[in-house]
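What follows is the residue order along each chain.
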Amino acid sequence: MWSDHLEYKVRAITTSLDYYEVRGIVWSDHTLKESFIMRIALFATCIVDAMYPETAKSTVKILERLGHEVIFPKAQACCGQMHMNSGYMPEALPVVENHINAFDTEDYDVAVAPSGSCVASVKHQHPFLAERLGKPELKERAVAVGKRTYELSQLLVDVLGITNAAEQLGSYFPQTITYHPSCHGMRSLKLGDRQLDLLKTVGGITVNELPEADQCCGFGGTFSIKNSDVSTAMLEDKMKNICSTGASACAGGDASCLMHIGGGLSRTGAKPRTLHLADILASTMEETVSL
Amino acid sequence: MTQVFLGMPAGGQGNLFETEPFPKAAHRELGNTQMRKNLRHATHTIRDKRLNVVGELPDWEELRDAGSAIKNLTMANLEERLEEFEKNFTARGGIVHWARDADEANKIVTELVKATGSKEVVKVKSMATQEIGLNEHLETEGIEAFETDLAELIVQLGNDKPSHILVPAIHKNRTEVRDIFLKEMPVVDPNLTDEPAKLAEAARKHLRKKFLSAKVAISGANFALADTGTLGVVESEGNGRMCLTLPETLITVMGIEKVLPHWEDIEVFMQLLPRSSTGERMNPYTSLWTGVSEDDGPQNVHIVLLDNGRTRALADRFGRTALNCIRCSACMNVCPVYERTGGHAYGSTYPGPIGAILSPLLTGIEVEENGSLPYASSLCGACYDACPVKINIPEILVHLRGEDVDANRDKHKLPTQMDLLMKGGSWALGKGKNLGLLEKALPLGRLMSGKEKKIKKLPGIAAGWTASRDIPAPPNKSFRDWWSDEKESK
Amino acid sequence: MSAKDEILGRIRSALADAPVAQEVPREYRKTSDMGEAELIDLLVDRLVDYKAGVDVIDAAQIPEYVAAKLAGASSVVYPHGLDTGWLSGLGEKVEQRIDAPGARLSIAELDETSAVVTSSAVSVAESGTIILDGEPNQGRRAISLVPDHHVCIVPISSIVRLLPEAMPRLAITRPQTWISGPSATSDIELERVEGVHGPRTLDVLMVRGL
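These numbers come from a predicted model, not from an experiment. (Residues numbered from 1 in each chain as written. Chains lettered and ligands numbered in written order. Predicted model: local features only at pLDDT ≥ 70, side-chain atom pairs only at ≥ 80, totals over all residues. Heavy atoms only, no water.)

A.B. asks: Tell me about the overall build of chain B, and please be specific about residues and values.
C.D. replies: Scanning chain B from terminus to terminus reveals 23 helices and twelve strands. By its C-alpha atoms, chain B is 90 × 65 × 50 Å across when sized along the principal axes. Burial statistics for chain B: of 490 residues in total, 64% are counted as buried. Once local pairs closer than 6 in sequence are excluded, the contacts in chain B between residues at least 24 apart make up 75%. Accessible surface computed for chain B: about 17,600 Å², of which carbon and sulfur atoms make up 53%. The averaged location of the 67 negative side-chain charges in chain B is 8 Å from the averaged location of its 61 positive side-chain charges. (Helix = DSSP H or I, 4+ residues; strand = E, 2+ residues; numbered from the N terminus. Buried < 20%, exposed > 50% of the residue type's maximum accessible area, 1.4 Å probe, protein only. Contact = heavy atoms within 4.5 Å. Areas by Shrake-Rupley, 256 points an atom, 1.4 Å probe, with all protein chains shown as cover. Lys, Arg positive; Asp, Glu negative; His and termini not counted. Charge placed at Lys NZ, Arg CZ, Asp CG, Glu CD.)

Below is the structure:
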């Protein structure tokens, strides 16, 4: 559900009790006990898989550091958002079906993706597409997969109880950054401050507030191609705000928005680069990610 | 008695059309730096105000839930509600007219005005009459229409077009308004400053005589209450009260979707509307009237109930909630696209996010360039968050893009670049195997990105991306392959 | 086929899928237990924010305050149901004009009248809204519209906190005017400025003991 931003402060506990019953344990406080080892299916997302493999590796590292088992369902490819958002519904169908087939298994506890946008698509757009194309069974399965799918910060904060990245994940990143909350995570998933709070607790980090942070960067998938001029105008303002913070990097939770912002910064020769939240959380004193 | 209509109900006419593709219109408007400055200033001012007054109410979400549900319930029983309204409005001395489309509505209003013998009318700001192009029609019939809302007056005097549904002259700043007044008002203080209070005073002087002598007024309505036959107009300046109270004849033009079931329902909408539109706890004036009141106000009271494509929108089960719109304008005030292109880029009377869905829903997606409107959004979702009746605008935008693509499939013989990209993408992304195969070519992309490790120019539609953004060099190996090599082989 | 029949037929065909709408959830606040002192404070705060003049007084002070508000006026109109005692403090310089059934002032006469005094039906503190519903002590709509100065009596007993609390107190089918401050506009750069076509001065007397 999308909702007014005033609600963001309310943190919904989204862990599904049904699932834990399958595993024969009932959790009273919905937060995972440290002794419980989860089997987590990584939904890498197509853009991270093909363009930013380090971000997927970082996600694996963080979860393994907490002692959980990560699997990678090989049948996965993409959430189909690009097709749906471009209006190609029949073409989106095989992509969506493939995702549902890949993740509609008993083989894992929860799925996680380092992307608010792709998770929002799985949770909201997949059922919508199935409904629109008149496929009630597919819709039911889509809803079930959506319920078990988490965006990374959601999983870390709501399920795994991470409140301090330095202490609990060993995260260390001695840089000044700023943070752009991507639209679909912020509005469709109501992530609130989860990502920002995690970043603020990374060892050695300085987080400067981004002016007009809640404004879209102008990516919007094929919007950036079809309405390139408007998209660029939005991007210019986003870049201006990022540069005004003096940060050496802009962090975010969506590789696609980061590619857009980063592509613009690269073209204008501006100093800041973009970096995914997972990469910062995976960075440690021993193995520090460099800019 | 049930009559079955086959096929889609008729589309709307009038000022509902984008006449050139949105990206082209947007390109032109983006070059208007003064307009962009004005819009940025105005939209940012109103955003903060709205957030403050919305934040004051602990039950804002409950009000939104109620507002949304009242509208859905009304639409599901629209026929009964309209019949009920007609019965009650008529019983109180009002006269109800029905108009299938813009032409019919314009003709009805013209006949009513002619019957009074008046050659001029005063008007309260009304989206419905803007939509049907009533002023232009009246002019061809020799009847002069005077807009009395300040922003409408600015637009009318400046021979301009409205660019916003609440503040039609939002694209003009105070200095530009002053210049229009100095040039166009027959009697005006030549030393008029650009202080908004002085400009408002100039408008007061300009219109005072008109109000006091007008015989006929034309209004829209914010809502009609079925169980009492009451109409309501929400306004700020008192021009509405003048028009609704002083003339002998009052003609209201209202879309059929504006009806609400019960008198009590306005307790919901009068909390949602002012806070969402002007960011005020309440607008200065709201007028409610029920048919004719002896000895108080116009004694000759009409309403024209307008379809003009609304039943067409109602027939779209994934789009019909767009009819729930209460014309508050919150969606355009928070929209990053509207903020930069302004309202003229949307062509239609209804700009911004709501316009991008409403215009094609009213006319049909295939009409003129309205098919380009649903793409005028990055789908950031700010509009949905702000909407007081929770219209899921991003979802309807996506749905209408689907309608547009399907409509074009039948039209084009040869697939477009986008068609080919999506077809190929459907194959590549439809199987993990296929994507894996494609990813084997990543090193080639890396090679192409050269020494700088970035791709700066791509051909075809992808040039839209590289016009202002680089693409980083692809990695040597996909995550999928790394996983196979590192995790599975060990 | 008439336009009405055709439109209603189109509606039937548009809803051929028979959409089921949920019951309306009315979980928003319908009642409040705010005390009188807080109600007064809240309403005063809202009206001042709208740039209205506000005084909180006792019933016995009405003539004095009405006279003070109308100090510069040459004439005042009042509805036939108004307690004329409220105008007893006015000096001879202020011409008093009654607007009564069968003896209505013309629009031109109203335009030449400096001010109007009316009572009110109910006021909503949270939004700063005073509602006139055409009772004889409020009169027809034109009299509180055309004169440039409106002195409005708000009995404190008629103040509620929430709009839903005001609804049952209103006469539904009589013309109503909801007033939240003097006339204003946000049409220039979306900034609010007061004073356009409606009365540019609104003085509210909130009265105890009425």
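More follows now that the structure is in view.
A.B. asks: Go over the sheet that holds strand 2 (residues 75–79) of chain C with me, naming the residues and quoting the values.
C.D. replies: All names here are of chain C. Here six strands make up an open sheet; going across it, the order is 1-12-7-4-2-3 and the pairing parallel. The open sheet has two free edges, formed respectively by strand 1 (53–58) and strand 3 (95–99), since each of these has just one partner strand. This sheet shows a mean twist of 20 degrees between the axes of neighbouring strands, independent of strand direction. Sheet topology places strand 1 next to strand 12 (residues 201–208); six bridges connect them, and they run parallel. Among the inter-strand pairings, Gly53 is bridged to a residue of strand 12, identified as Asp203. (Pairing = 2+ DSSP bridges. Axes fitted to C-alpha atoms, helices over the stretch in contact; angles between N-to-C directions.)

A.B. asks: Kindly report on the sheet that holds strand 8 (residues 259–260) of chain B, identifying the contributing residues and their values.
C.D. replies: Strand order in the open sheet made by the eight strands is 8(B)-5(B)-6(B)-9(B)-9(C)-6(C)-5(C)-8(C), with mixed pairing throughout. Taken across any chain shown, the strands that pair with only one partner, and hence form the sheet edges, are strand 8 of chain B together with strand 8 (159–160) of chain C. As judged from the two bridges shared by strand 5 (residues 122–124) of chain C and strand 8 of chain C, these two strands associate in the parallel manner. Across the sheet, residue C:Val124 finds its bridge partner in strand 8 of chain C, namely C:Val160. Contacting strand 5 (223–225), strand 6 (230–235), strand 8 and strand 9 (285–290) of chain B together with strand 9 (176–179) of chain C, helix 12 (residues 266–277) of chain B runs over the sheet at an angle of about 170 degrees to strand 5 of chain B.

A.B. asks: Run through the nonpolar core, naming residues and quoting values.
C.D. replies: Counting residues in hydrophobic clusters, the biggest one holds 198 residues, and the most contacted among them are B:Phe181, B:Ile266 and B:Ile357. When residues of this core are assigned to their parent elements, the largest contribution, seven residues, is made by helix 5 (residues 89–103) of chain A. Discounting chain neighbours no more than four positions away, the residues touching B:Ile266 are B:Phe223, B:Leu225, B:Leu260, B:Leu288, C:Leu163, C:Met167 and C:Trp178. Membership of the second largest hydrophobic core comes to 60 residues, among which are A:Phe72, A:Leu160, A:Leu281 and A:Ala282. (Core = buried A, V, L, I, M, F, W, Y, C linked by side-chain atoms within 4.5 Å.)

A.B. asks: Outline the interface of chain A and chain B, supporting the account with residue identities and numerical values.
C.D. replies: In this assembly, 73 residues from chain A lie in contact with 80 residues from chain B. B:Lys487 is paired through a salt bridge with A:Glu64; the nearest N and O atoms lie 2.7 Å apart. On inspection of chain A and its partner chain B, the count reaches 38 residue pairs in polar contact (both at pLDDT 80 or more). The element contributing the most residues to the side of chain A that touches chain B is helix 13 (residues 228–244) of chain A, with nine residues. (Salt bridge = Lys/Arg side-chain N within 4 Å of Asp/Glu carboxyl O. Polar contact = N/O pair within 3.5 Å; in protein donor to acceptor, adjacent residues only side chain to side chain.)

A.B. asks: So, the interface of chain B and chain C: which residues are in play, and what are the values?
C.D. replies: Taken together, the contact pairs 103 residues of chain B with 75 residues of chain C. Summed over both partners, the interface of chain B with chain C comes to about 8,100 Å²; 59% of that surface belongs to carbon and sulfur atoms. Between chain B and chain C we count 18 salt bridges in total. In this structure, C:Arg12 and B:Glu79 form a salt bridge, with 2.5 Å as the shortest nitrogen-oxygen distance. Sort the elements by how many residues they give to the side of chain B that touches chain C and helix 10 (residues 196–213) of chain B lands first, with eleven residues. For the side of chain B that touches chain C, a count of residues per class yields 51 nonpolar, 23 polar and 29 charged. Both strand 9 of chain B and strand 9 of chain C contribute to a ladder of four bridges, which runs antiparallel. For B:Ser287, the partnering residue across the bridge sits in strand 9 of chain C and is C:Thr177. (Buried area = accessible area lost by both parts, 1.4 Å probe. Nonpolar A, V, L, I, M, F, W, Y, C, P; charged D, E, K, R; others polar.)

A.B. asks: Lay out the packing of helix 2 (residues 33–55) of chain B against helix 12 of chain B in plain terms, naming residues and giving numbers.
C.D. replies: Residue and element names in this part refer to chain B. Contact pair helix 2 / helix 12: the axes reach a minimum separation of 8 Å and the direction vectors enclose 150 degrees. As summarised for this structure, helix 2 and helix 12 are arranged roughly antiparallel, according to the angle between their axes. The residues of helix 12 that touch helix 2, namely those facing Ile46, Arg50, Val53 and Val54, are Arg275, Ser276 and Ser277. Partitioned by chemical class, the residues of the contact of helix 2 with helix 12 number three nonpolar, two polar and two charged. (Parallel < 35°, antiparallel > 145°, perpendicular 65-115°, else oblique.)

A.B. asks: Give me the lowdown on the side chain of C:Arg140, citing residues and values where you can.
C.D. replies: Among the structural elements, C:Arg140 can be located in the loop between strand 6 (129–132) and strand 7 (149–155). Within the structure, C:Arg140 has its side chain in polar contact with the backbone oxygen of C:Leu105 (distance 2.9 Å). Each residue touching C:Arg140, except ones within four places of it in the same chain, is listed here: B:Asp295, B:Asp296, C:Asp99, C:Arg104, C:Leu105 and C:Leu110.

A.B. asks: Kindly report on the pattern of salt bridges, identifying the contributing residues and their values.
C.D. replies: One side chain can pair with another of opposite charge once the charged atoms of both are near each other. Residues and elements named next belong to chain B. Counted by the stated rule, this structure contains 79 salt bridges over all chains. Lys440 is the salt-bridge partner of Asp481, the closest N and O atoms lying 3.0 Å from each other. Separated by 41 residues along the polypeptide, Asp481 in helix 23 (residues 479–488) and Lys440 in the loop between helix 20 (432–439) and helix 21 (442–448) bring together distant segments of the chain. For Lys477, the salt bridge is made with Asp485, and the minimal N-O distance between the two is 2.6 Å.

A.B. asks: Quick one: what's the story with unusual backbone geometry, residue by residue and with numbers?
C.D. replies: The phi torsion of most residues other than glycine is negative, and most of the peptide bonds are trans. Of note in the backbone geometry, B:Leu379 takes a positive phi value of approximately 60 degrees without being a glycine. For B:Leu379, a relative accessible area of 4% puts it in the buried group. One non-glycine residue with positive phi stands out, namely C:Ala18, at about 50 degrees. The residue C:Ala18 is located in the loop between helix 1 (3–14) and helix 2 (36–49) in this model.

A.B. asks: Kindly report on the confidence of the model for chain A, identifying the contributing residues and their values.
C.D. replies: In low-pLDDT regions, the fine details of the predicted coordinates are not to be read closely. Here chain A averages 89 in pLDDT, while 88% of its residues score no lower than 70. A low-confidence stretch, residues 1–32 of chain A stays under pLDDT 50, and its non-local contacts, those more than four residues away or across chains, total 79 contacts. (pLDDT = per-residue confidence, 0-100.)

A.B. asks: Account for the domain arrangement of chain B, with residues named and values stated.
C.D. replies: Taken domain by domain, chain B comprises domain 1 (95–310) and domain 2 (436–488). Each of domain 1 of chain B and domain 2 of chain B has a C-alpha centre, and these two points are 57 Å apart. (Domains from an automatic or database assignment.)

A.B. asks: Report on the arrangement of the chains, specifying residues and quantitative values.
C.D. replies: For this structure, the chain pair with the highest number of contacts among two pairs of chains in contact is chains B and C. Taking C-alpha atoms only, the smallest gap left between chain A and chain C, which are not in contact, amounts to 13 Å.

A.B. asks: Go over helix 5 (residues 102–116) of chain B, please, and point to the residues and values.
C.D. replies: Residues and elements named next belong to chain B. Along its 15 residues, helix 5 runs 22 Å from first to last C-alpha, staying within 8% of the 21 Å computed at 1.5 Å per residue. Regarding helix 5, the residues found buried are Ala102, Glu104, Ala105, Asn106, Ile108, Val109, Thr110, Leu112 and Val113. Just past helix 5, the residue Gly117 takes up positive phi, approximately 80 degrees. (Expected span 1.5 Å × (residues − 1).)

A.B. asks: So what's going on with the packing of aromatic side chains? Residues and values would help.
C.D. replies: Summed over all chains, the structure comprises eleven aromatic pairs over all chains. Each ring, one from A:Phe103 and one from A:Tyr108, has its centre 6.1 Å from the other, and the planes form 85 degrees; the classification is edge-to-face. In this structure A:Phe103 comes out as buried when scored by relative accessible area, which is 1%. Accessibility expressed as a relative area gives 2% for A:Tyr108, which makes it buried. Seen from their ring centres, B:Phe22 and B:Tyr346 are 4.9 Å apart, and the 55 degrees between their planes marks the pair as tilted. A residue pair is termed long-range when its members are at least 10 positions apart, and B:Phe22 in helix 1 (residues 22–30) and B:Tyr346 in the loop between helix 15 (336–341) and helix 16 (352–363) qualify at 324 residues. Each member of the pair, B:Phe22 as well as B:Tyr346, is classed as buried. Through a chain of ring-to-ring contacts, three or more aromatic side chains come together here, namely A:Phe72, B:Phe479, B:Trp482 and B:Trp483. Just above the ring of B:Tyr375 sits the side chain of A:Lys226; from NZ or CZ to the centre is 3.8 Å. When the ring centre of B:Trp465 is taken as origin, the NZ or CZ atom of B:Arg469, which lies over that ring, is 5.1 Å away. (Phe/Tyr/Trp six-rings, centres within 6.5 Å; stacked < 30°, edge-to-face > 60°. Lys NZ or Arg CZ within 6 Å of the ring centre and 35° of its normal.)

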